[in-house]
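Here is how the chains run, residue by residue.
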Amino acid sequence: MADPNMLRSSNGLSRSPQTSNHSPDHLNDPNNNNNKDSDKKKEKQMKKYSKFDPKEEFPDVFKDVEARYLKFEHVPDYKIRKIKKNPKIFDDSWGPYDVQFPDDQYSSFICGRSISTYPHIPGKDKRDGDPICDSFQVQLLEDNVVLAVICDGCNWGDRPKDASNKAKEGMLNYMRSHIHEMSDARDVGHVLLRALSYCHSKICEGFTDVWDAGTTTLYGGMLFRLKELDAEHNEQWAWVSVSIGDCKCFHYSATQGTLTEITEGNRQNVHDARDCGGRLGPYVGDGEPDLRNVFVYYTMCSENDTILLLSDGVHDNLDPQTLGMTPRQLDSSLDYTEWKDIPPELEPLASSLKTRHMQNFLIRDLILGGEDQVKMRNKVLAFMKTDDDSMSPLNITSRIMKHCLAVTASGRQWMVNFTEISYLSLENLKEIFPEFF
């Protein structure tokens, strides 16, 4: 399945993102003291977040406040603009794509779309891989707040589809109901982690046997204004997000013309793309979620920046390993013909090189539309003196989807052909050996 989801900031920062994007290794390095609180401040923060937890009826999947705090202590405590309790929803876009409501999936600031890259095999009632287990939702709230989440149900069928949708709805409902309690960016990180516990409880809710519930990955976050203006008296904005599993997020800076993966390193198994690393829903122990790769991120954004949220159905089609490149073809420093042969000490390098490859392809061919397209577009715009809408969320999403469908076309055709060959062979066997049928 493929599910890209995008938002564009309509206002924002002029300040460059000094510490805006962190890799998970950097975030969780116990020897990095730059973003750590002093013991006294940490004790004060722990006390704050211990009291911050409301009397909720669902269990904390992180077991205790300190374990959860260590996940978001690197987020700066920048003060945020006051947000009303129960803010109004000005725009609400969600998917999978519904052909009856095509306009619900995009506006001038948002575009989200879920498709299937599997074929409809002749003779079958439905397409292989159905139902689509990816889901997304973006809400534009008053006070200039944006909530966005993308989920990817693990495996096929109704169970992962239901888990994906329950987690999506749970994340947004929890964030909205606690949004007025947030006074700084670190509070946002804390509430996002509490929301994961809520999402897990909603996935498992109503099952006599918890193992009957499905599982899903999730990436979600909140875009908001900071209280402090920059040196030029412009508003400042931040995107604080949480990830469990292997959905990815990229930030395109319009002023700098650069693309950065916010979630770099969240897919920790470079040998096996099938290992998502973590998930909500019953998976370990007595029905607890897999928390191996839970990370909280913060990113500074500027006016006209774009944030892309991608499930693995999209970013797998950008991954050099999935596209058939060998490690050696990717970079001469990886002198191997098979990805499985890369030793553990080179796995971080391999992951970093994969990210660079994905970023370069995304920005060159899918965000900007290719060098030839950029040159032609600039000539047309200069002649017609009109605005450029080719960088709109709708157009970028369309280019990404077109790429995914092109990459997977031969695989779809093979599945159809293989099914037809198998069917013909079976019919031949019936004619030759009727006694066995």
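Residues numbered from 1 in each chain as written. Predicted model: local features only at pLDDT ≥ 70, side-chain atom pairs only at ≥ 80, totals over all residues. Heavy atoms only, no water.

Regarding the nonpolar core
Note on soluble globular proteins: their nonpolar side chains tend to be buried together. As a reminder, the rule being used: Throughout this description, the term nonpolar core refers to a set of buried Ala, Val, Leu, Ile, Met, Phe, Trp, Tyr and Cys residues connected via side-chain atoms within 4.5 Å. For every residue, the accessible area (1.4 Å probe, protein chains only) is compared with the maximum for its type, and the residue is labelled buried under 20%, exposed over 50%, or partly exposed between those bounds. Only DSSP runs of H or I with at least four residues qualify as helices, and only runs of E with at least two residues qualify as strands; both kinds are numbered from the N terminus onward. Should any heavy atoms of two residues lie within 4.5 Å, those residues are considered in contact.
Formed by 47 residues in total, the largest nonpolar core has its most connected members in Met171, Leu196, Leu218 and Met222. Those elements that place two or more of their residues in this core are α2 (39-52), α3 (65-72), β5 (145-153), α4 (158-178), α5 (185-204), β6 (216-225), β7 (237-244) and β12 (295-301). What Met222 contacts, discounting residues up to four positions off in sequence, is Ile83, Val145, Val146, Leu147, Met175, Ile179, Met182, Val188, Ala238, Trp239 and Val240. Ranked by size, the runner-up nonpolar core spans 18 residues in total, among them Val146, Ala148, Phe295 and Ile307.

Quick notes on the packing of helix α8 (residues 347-367) against helix α10 (residues 393-407)
Defined as follows: Note on geometry: axes are C-alpha line fits, over the in-contact stretch for helices, and angles between N-to-C directions span 0 to 180 degrees. Angular relationships are summarised with four words: roughly parallel below 35 degrees, roughly antiparallel beyond 145, roughly perpendicular across 65 to 115, and oblique for the angles in between. For this classification, the nonpolar set comprises Ala, Val, Leu, Ile, Met, Phe, Trp, Tyr, Cys and Pro, the charged set comprises Asp, Glu, Lys and Arg, and every other residue, Gly included, is treated as polar.
Where α8 meets α10, the axes come as close as 9 Å, and the angle between the chain directions of the two elements is 110°. One finds that α8 runs roughly perpendicular with respect to α10. Between α8 and α10, the residues in contact are Phe361, Leu362, Asp365, Leu366 and Ile367 and Ile396, Arg399, Ile400 and His403, respectively. Taken together, the residues that form the contact of α8 with α10 break down as six nonpolar, one polar and two charged.

Here we look at the confidence of the model for the chain
Detailed reading of the predicted coordinates is not advisable wherever pLDDT is low. We count it as follows: In predicted models, pLDDT denotes the confidence assigned by the predictor to each residue on a 0 to 100 scale.
In this model, the chain carries an average pLDDT of 79, and 77% of its residues clear a pLDDT of 70 or more. Within the chain, no element has a lower average pLDDT than helix α1 (residues 24-27), which sits at 40, and none a higher one than β6, at 96. This model gives residues 9-35 a pLDDT under 50, and the stretch forms 70 contacts once residues within four places in sequence are excluded.

Quick word on the pairing of strand β4 (residues 134-141)
The following threshold applies: In this description, strands pair whenever DSSP reports at least two bridges between them.
Counting buried residues along β4, eight of its eight residues qualify, which places the element largely inside the surrounding structure. Judged by which residues are buried, β4 turns out to be covered on both faces: Asp134, Phe136, Val138 and Leu140 on one side and Ser135, Gln137, Gln139 and Leu141 on the other are all buried. Pairing between strand β2 (residues 89-95) and β4: six bridges, direction antiparallel. The residue of β4 that forms the bridge with Gly95 is Phe136. Looking at chain direction, β4 and β5 are connected through eight bridges and run antiparallel. Bridge pairing links Asp134 to Asp152 in β5. What sits between β4 and β5 in their antiparallel hairpin is a turn of three residues, with Asp143 showing a positive phi close to 65°.

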